[in-house]
Amino acid sequence: MISPELSTLLTLCLYGAASLAGISGMMLRSVVLRKTGCWLAGFGFLVQTLMLALGFHSTLPEGLSLGAYLQMLAWFVLLCGLISRLRYRQEATLILSAPLALILFIMSAPYLAAVVKIPPQLSAPFYTLHIGALFLSLGLLTLAFAAGCIFLFLEGRIKNKQAMKGFWQDMPALSLLDRINAFAVMTTFPLYTLGIVAGLVWAKPVFGATFNGDPKEVISLVVWLLLAALFHNRLTRGWRGRKPARLAVIIFGLCLFSIIVVNTFMETHHAFIRG
Amino acid sequence: MNCDLVLVGLNHRTAGVDVRERFALVNHCSADSWAVPCEGAISEAMILSTCNRVELLAAGHGDMAEQMLTDWAHTCKAPVEDLRPYVYIYKGAEAVRHLFTVASSLDSMVLGEPQILGQLKTAYRKAAACHTTGLILNRLLHKAFSVAKRVRTETAVASSAVSISYAAVELAKRIFGDMPSHRAMLLGAGEMAELAATHLLQAGIAEILVANRTLARGQELARQFNGRAIAFESIAAHLVDVDIIIASTGSPEPVIRARDIRSVLKARKNRPMFFIDIAVPRDIDPDVNGLDNVYLYDIDDLKEVVEENLASRRDEAQKAAEIVNEEVGHFEQWVQGLDMQPTIVDIIQRGEHMAEEELARTLKRLGPVSDEVREALDVMAKALVRKMNHDPIIFLKEGTGSHEGSASRISLMRRIFNLDSGTCSRATPREKG
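Treat the numbers as computed from the prediction; the structure is a model and nothing was measured.

A. The overall build of chain B, seen in detail. Along its length, chain B carries 14 helices and ten strands. Taking all 433 residues of chain B together, 50% fall into the buried category. Summarising the internal contacts of chain B: among those between residues at least 6 apart in sequence, 70% fall at separations of at least 24. Counting only carbon and sulfur atoms, one obtains 52% of the accessible surface of chain B, whose full area is about 20900 Å².

Spelled out as structure tokens, the structure:
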């Protein structure tokens, strides 16, 4: 009989096997291993979807834990990796999504038990919109980060006339990586804005003010401003290549800091662990 | 290897182009004019004649090498002594190894080039059409094709570009991915630039613009590439529309400078540009490479890429040689298995013959019996013989690992079963005496 523990273990194993097969396939330049990695990541995603559908994330929506949050983020990361595979016929981003999802899954383990009960007023539709939109935008931002990282490394090698040996030979073309980055940024910004606006609207009745100067709110605002700059420059000034790739990596880094450090170790009403 | 297999040939390493021209057999490997007749010692033959090598492969018994050399020299109307100093001769397993090495393009002038396999396939097709191939060469050539495929799939011996023009196009693919949505411009009309343009066309580039100081020459080139000729003075205006620029003019000063490209990039909304500068002195200001979304490779950069690719092919050739060795072993085993076939057939026939004799004798003693009993006795006798022969046949087949093991086992089994006494219906002529 399938249980939350079994399905979690199965998902973890599938993401682990997908990472191993995919990364080995890239290193050894084996098409079979790369394809196996993609299929395993797909199966892992299906199992985790099943977990969500069966309500095995018992901490959501009644309560919130960093563990459940990270697992949900892993699901969105994989979802975006799959979108990239289907939309751009590109294995590299899906292969890189698998180890990211695996890391998020492993990181989630110690925090699954620490559940914060959410007061009834926090389960309003705005709260769901706030969380849903931000999760999807974080998944897309991960895609922008993966495409941006590969772009920066590959572009550096081409600019500096370094040899394209081993797995570099199987990397996507720079133009394609830039297109993936553009797609991710163009979809992330409206979603992130929606998530932030929903959060601000919802904060007024709950916390008494739209903006409370909370560390999470401050860092989210910084992320939003950077995203807005990226979105604007891509659309109006024709930013391409290195600049948007670098900025996407920085924004993703800030988001990770926000999730891991701010939510866990700082005094904020977004904290996962409360005494 | 018991089968007599001989390969006689010359190639770019053993003979200069004048010798290769003199002894080429391009026009002597068809049904009308076949250079190596299947007569005397030769029972099967094939000819591979390309610009870099002429090789004759034959299967049969006796001194085939001498017969092949004589036939070859005779076809080319030259004394055999003129041919002999340039020729290499491989026999048995070495001939197989050489053929596999050639098929895998490990013996080619440009390591890993793909043409040789096609040429070998054509040569085999011609020989098969002339009915000069049989069991051994058919099997050998099919094996050579599969070895070549294995080498291509399991090693990277043919994976990277080893010509400057092709390396440039490979780099363009790394930047732009799909070629059909991009356009290229040729500045000047050097030979290497033309080659690069040909590769770009093969990769499916949308359009090629040609800018030459002499417009007529530019128009001629444009026709060649189904492109469009433009005036040399209008280069700057067209830079906004092209993504790949191949420069090979004779200009002593740079034709394109970094400051010109800044405004072009703005107009292009930063769409990437790839400059391939094959000219010496250089046509494109090296500072161009410092701009975002602009990539510049000059002739030295491309040479370096080709050198690195060649070095990586040489590394991969070691792996390929191991595959070839392994496959030579498999082919040897198959040939040795062929040597065993007559002995296995003799053992089976001897058993069946004995079973029939004993069955006739028993039935005679028993007197009239029903058909069921007769059939049951027949089945039992034959099953008994089959089971008794099973282990000796397995013992024989286990000897295919080495020539010595195989020959001694064949000899031993023929003596144990007394297969050469003349009482058996069939004996192998090779094993007699």
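B. Layout of the overall build of chain A. When you go through chain A residue by residue, the secondary structure sums to eight helices and two strands. The secondary structure elements of chain A, listed N-terminal to C-terminal, are α-α-β-α-α-β-α-α-α-α. Split into buried and exposed, the 275 residues of chain A put 53% on the buried side. Sequence separation of at least 24 residues holds for 77% of the intrachain contacts in chain A that already meet a minimum separation of 6. When the accessible surface of chain A is summed, it comes to about 12200 Å², and 72% of that surface belongs to carbon and sulfur atoms.

C. Examining a nonpolar patch on the surface more closely. A surface patch of nonpolar side chains, about 410 Å² in accessible area, is lined by Phe211(A), Val218(A), Leu221(A), Val222(A) and Leu225(A). Inspection of the secondary structure puts Leu225(A) in helix 7 (residues 215–236).

D. Quick peek at unusual backbone geometry. At the junction of Val280(B) and Pro281(B), the peptide bond is cis and its omega measures out at 0° in the coordinates. A positive phi angle, close to 55°, is found at Lys77(B), a residue other than glycine.

E. The interface of chain A and chain B, seen in detail. Counting from both sides, the interface comprises 24 residues of chain A and, opposite them, 22 residues of chain B. The three residues of chain A that bury the most area against chain B are Lys159(A), Lys161(A) and Arg240(A), which together make up 34% of that side's buried surface. Put simply, chain A and chain B have two salt bridges between them. Taking the shortest distance from any N to any O, the salt bridge between Asp292(B) and Arg242(A) comes out at 3.1 Å. Scanning the region where chain A abuts chain B turns up 13 residue pairs in polar contact (both at pLDDT 80 or more). At the level of secondary structure, the elements contributing two or more residues to the side of chain A that touches chain B comprise helix 5 (125–159), helix 6 (174–207), helix 7 and helix 8 (242–265) of chain A. Class assignment for the residues of the side of chain A that touches chain B results in ten nonpolar, five polar and nine charged.

F. Layout of the sheet that holds strand 7 (residues 228–231) of chain B. All names here are of chain B. Overall, parallel pairing links the six strands, which are arranged 7-6-5-8-9-10 in an open sheet. In the strand order of this sheet, the two ends are held by strand 7 and strand 10 (294–298), each with one partner. Strand-to-strand, the axes of this sheet are offset by a mean angle of 20°, without reference to chain direction. Sheet topology note: the strand 6 (residues 207–212)/strand 7 ladder contains four bridges and is parallel. Paired with Asn212 across the bridge in strand 7 is Ala231.

G. Local environment of the sheet that holds strand 4 (residues 88–91) of chain B. Residues and elements named next belong to chain B. Spatially, 2-3-1-4 is the arrangement adopted by the four strands of the open sheet, whose pairing is antiparallel. The open sheet has two free edges, formed respectively by strand 2 (42–49) and strand 4, since each of these has just one partner strand. Across this sheet, the average inter-strand angle for adjacent strands is 15°, counted without regard to direction. Docked against the sheet, helix 2 (residues 64–75) engages strand 1 (4–11), strand 2, strand 3 (53–60) and strand 4, running at close to 40° with respect to strand 1.

H. Local environment of the side chain of Asp346(B). Along the chain, Asp346(B) turns up in helix 12 (residues 299–366). Side chain to side chain, Asp346(B) and Arg414(B) meet in a polar contact 2.7 Å long.

I. Region of interest: a positive patch on the surface. Taken together, Arg237(A), Lys243(A), Arg246(A) and Lys266(B) make up a surface patch of like positive charges. Since its relative accessible area comes to 43%, Arg246(A) is described here as partly exposed.

J. Broad picture of the packing of helix 2 (residues 31–53) of chain A against helix 4 (residues 91–108) of chain A. Residues and elements named next belong to chain A. It is at 9 Å that the axes of helix 2 and helix 4 come closest, and there the two elements cross at 50°. Compared by their axis directions, helix 2 and helix 4 come out oblique. For the pair helix 2 and helix 4, the sense of crossing is left-handed. Contact residues: Arg34, Lys35, Cys38, Ala41 and Gln48 in helix 2; Glu91, Leu94, Ile95, Ala98 and Phe105 in helix 4. Its residues assigned to classes, the contact of helix 2 with helix 4 shows six nonpolar, one polar and three charged.

K. Representation of the nonpolar core within the structure. All names here are of chain B. Of all hydrophobic cores here, the largest spans 101 residues; its most connected members are Ile244, Ile246 and Phe274. Residues in contact with Ile244, not counting those within four places in the same chain, are Ala172, Phe176, Met179, Arg183, Ala184, Met185, Leu200, Ile205, Phe274 and Ile276. Counting 70 residues, the second largest nonpolar core, distinct from the first, contains Val19, Leu56, Tyr88 and Ala95.

L. Region of interest: the pattern of salt bridges. Within this structure, the stated rule accounts for 30 salt bridges over all chains. A salt bridge links Arg242(A) to Glu155(A); the shortest N-O distance between them is 3.2 Å. With Arg242(A) in helix 8 and Glu155(A) in helix 5, this pair connects stretches of sequence that are 87 residues apart. Its relative accessible area of 2% is what places Glu155(A) among the buried residues. Here Arg282(B) and Asp298(B) are joined by a salt bridge, their closest N and O atoms 3.1 Å apart. Residue Arg282(B) is found in the loop between strand 9 (273–277) and strand 10, and its partner Asp298(B) is found in strand 10; the two are separated by 16 residues along the sequence. Among the residues examined, Arg282(B) registers a relative accessible area of 41% and is labelled partly exposed. Where salt bridges share partners, they join Lys143(B), Arg150(B), Glu154(B), Glu326(B) and Glu327(B) into one cluster.

M. Fine view of helix 6 (residues 135–154) of chain B. In this model, helix 6 of chain B (20 residues) spans 28 Å end to end at C-alpha, consistent with the 28 Å of a helix rising 1.5 Å per residue. Looking at the buried positions of helix 6 of chain B, the neighbouring elements they touch are strand 1, strand 2, strand 3, helix 4 (93–103), helix 5 (115–129) and helix 12 of chain B.

Cut-offs applied
- Residues numbered from 1 in each chain as written.
- Chains lettered and ligands numbered in written order.
- Predicted model: local features only at pLDDT ≥ 70, side-chain atom pairs only at ≥ 80, totals over all residues.
- Heavy atoms only, no water.
- Helix = DSSP H or I, 4+ residues; strand = E, 2+ residues; numbered from the N terminus.
- Buried < 20%, exposed > 50% of the residue type's maximum accessible area, 1.4 Å probe, protein only.
- Contact = heavy atoms within 4.5 Å.
- Areas by Shrake-Rupley, 256 points an atom, 1.4 Å probe, with all protein chains shown as cover.
- Patch = residues over 30% accessible without salt bridge, like charges linked within 9 Å, V, L, I, M, F, W, Y side chains within 5 Å.
- Salt bridge = Lys/Arg side-chain N within 4 Å of Asp/Glu carboxyl O.
- Buried area = accessible area lost by both parts, 1.4 Å probe.
- Polar contact = N/O pair within 3.5 Å; in protein donor to acceptor, adjacent residues only side chain to side chain.
- Nonpolar A, V, L, I, M, F, W, Y, C, P; charged D, E, K, R; others polar.
- Pairing = 2+ DSSP bridges.
- Axes fitted to C-alpha atoms, helices over the stretch in contact; angles between N-to-C directions.
- Lys, Arg positive; Asp, Glu negative; His and termini not counted.
- Charge placed at Lys NZ, Arg CZ, Asp CG, Glu CD.
- Parallel < 35°, antiparallel > 145°, perpendicular 65-115°, else oblique.
- Left-handed = near helix turned anticlockwise from the far one by under 90°.
- Core = buried A, V, L, I, M, F, W, Y, C linked by side-chain atoms within 4.5 Å.
- Expected span 1.5 Å × (residues − 1).

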